[in-house]
Amino acid sequence: MCSPEYFAVEYAINPWMDVTRPVDPELAVKQWDRLRETLVGLGHEVHLLAPEPGLPDMVYAANGAFSVDGTVYGARFKHHQRTAEAAAHRAFYESQGWRFIAPNETNEGEGDFAYLPEAHGGLILAGYGFRTELAAHAEAQEALGRPVISLRLVDPRFYHLDVALASIDDGNIVYYPGAFSAAGQKVLAQLFPDAVLAEAEDVLAFGLNLVSDGANVVLNSEATRLAGRLKAAGYTPVPVELAELKKGGGSVKCCIAELRH
Ligand code: ARG
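Owing to the predicted nature of the structure, the values given are computational and were not obtained by experimental measurement. (Residues numbered from 1 in each chain as written. Predicted model: local features only at pLDDT ≥ 70, side-chain atom pairs only at ≥ 80, totals over all residues. Heavy atoms only, no water.)

(A) Region of interest: the nonpolar core. In terms of nonpolar packing, the biggest core is built from 40 residues, with Leu-125, Leu-165, Phe-180 and Phe-192 touching the most fellow members. If you list the elements that add at least two residues to this core, you get strand S4 (113-116), strand S5 (123-128), helix H4 (161-164), strand S7 (165-167), strand S8 (173-175), helix H5 (182-191), strand S11 (216-220) and helix H7 (224-232). Contact partners of Leu-125, with chain neighbours within four places excluded, come to Asp-112, Phe-113, Ala-114, Leu-116, Ile-149, Leu-151, Leu-161, Leu-165, Ile-173, Leu-188 and Phe-192. Residues Phe-7, Met-17, Leu-35 and Leu-39 belong to the second largest nonpolar core, which totals 23 residues. (Core = buried A, V, L, I, M, F, W, Y, C linked by side-chain atoms within 4.5 Å. Buried < 20%, exposed > 50% of the residue type's maximum accessible area, 1.4 Å probe, protein only. Helix = DSSP H or I, 4+ residues; strand = E, 2+ residues; numbered from the N terminus. Contact = heavy atoms within 4.5 Å.)

(B) Here's a closer look at helix H3 (residues 134-144). Taken residue by residue, H3 has Ala-136, His-137, Glu-139, Ala-140, Ala-143 and Leu-144 as its buried positions. Across the axial projection of H3, the buried residues extend over an arc of 165°, all falling on one side. Count one or two residues on from H3 and you reach Gly-145, which has phi positive near 65°. (Arc of directions from axis to C-beta.)

(C) A look at the site of the ligand. Close to the ligand lie 16 residues; Arg-82, His-160, Asp-162, Gly-248 and Cys-254 are nearest. Within the side chain of Asn-63, a nitrogen or oxygen atom sits 3.0 Å from a nitrogen atom of the ligand. Of all the cavities here, the one that holds the ligand is the second largest cavity. Looking at the shell around the ligand, its residues break down into six nonpolar, six polar and four charged. (Near = heavy atom within 4 Å. Polar contact = N/O pair within 3.5 Å; in protein donor to acceptor, adjacent residues only side chain to side chain. 1 Å grid on protein atoms, 1.4 Å probe; cavity = no way out; pocket = protein on both sides within 12 Å on 5 of 7 lines; lining within 4 Å. Sits in = over half its atoms within 2 Å of the grid points. Nonpolar A, V, L, I, M, F, W, Y, C, P; charged D, E, K, R; others polar.)

(D) Structural detail: the pattern of salt bridges. If you walk through the whole model with that rule in mind, you get 15 salt bridges. A salt bridge links Arg-34 to Glu-37; the shortest N-O distance between them is 3.2 Å. In this pair, Arg-34 and Glu-37 both sit in helix H1 (residues 25-41), three residues apart, roughly one turn of the helix. Taking the shortest distance from any N to any O, the salt bridge between Lys-253 and Glu-258 comes out at 2.8 Å. Of the residues examined, Glu-258 reaches a relative accessible area of 27% and is grouped as partly exposed. (Salt bridge = Lys/Arg side-chain N within 4 Å of Asp/Glu carboxyl O.)

(E) A look at the sheet that holds strand S12 (residues 236-240). Strand order in this open sheet of three strands is S10-S11-S12, and the pairing throughout is mixed. Every interior strand has two partners, whereas the edge strands, strand S10 (211-212) and S12, have only one. For S10 and S11, the ladder comprises two bridges, and the chain directions are antiparallel. When the bridges of S11 are listed, Val-211 appears paired with Val-218. Along the sheet, H7 contacts S11 and S12; its crossing angle with S11, the most-contacted strand, is approximately 170°. (Pairing = 2+ DSSP bridges. Axes fitted to C-alpha atoms, helices over the stretch in contact; angles between N-to-C directions.)

Just geometry here; none of it tells us what the structure is for.
And the structure:
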């Protein structure tokens, strides 16, 4: 995770960002701190990346890389405003002894890649259409040695995969079908017949931008309907308030890069 110390909406690279709408940086830090404490309280170890002035989106740490089984496939941002973030993530992984593979293709890390270790023997789901290039999906498959399923995103409000789909345990997902092309919906229904399906209201509340440890599902507190649905499916929803960070077009998952050793 990376503190939103320098968080601001200074440019608009997704439909949620409105440069005329002020953000409260202090409140952003407070809400982000609660998210960090929540993860620690659930027994997870949180590493911190030092925020850098001039990189107001750096708080969305999920975009910096994608790791599977100890190997890291680095990010290459689409927008120049975020380009410099990739090096900070790379330095973190290299200092910790991870095997790091630098990308040639544009991709925004866990924003557009998800990993399901127990689905069909280990499956990577990958989004494209707005940020990550399709060519990066093939590059990720070569780097990580797991099959990559390409899914086309069709709604600019759901510009990253992690806004519309999340793993809820090692083998299952929750997603909003309307974010995907008709073929993508068909592929998801075939691969995940037991998936939890979300509705427009859930995805618009950033409810799908969640992290789950297989039991506890940490999600945006505004997604009350989805919380109920997850509870009915046997999970424990853990709501957190992240209204300030929503102004940049992100929530829980965007703030967290999962480290898969
Ligand atoms: N303002 C950031 C951008 O548009 C938000 C990134 C959200 N991160 C995510 N993993 N979806 O790039």
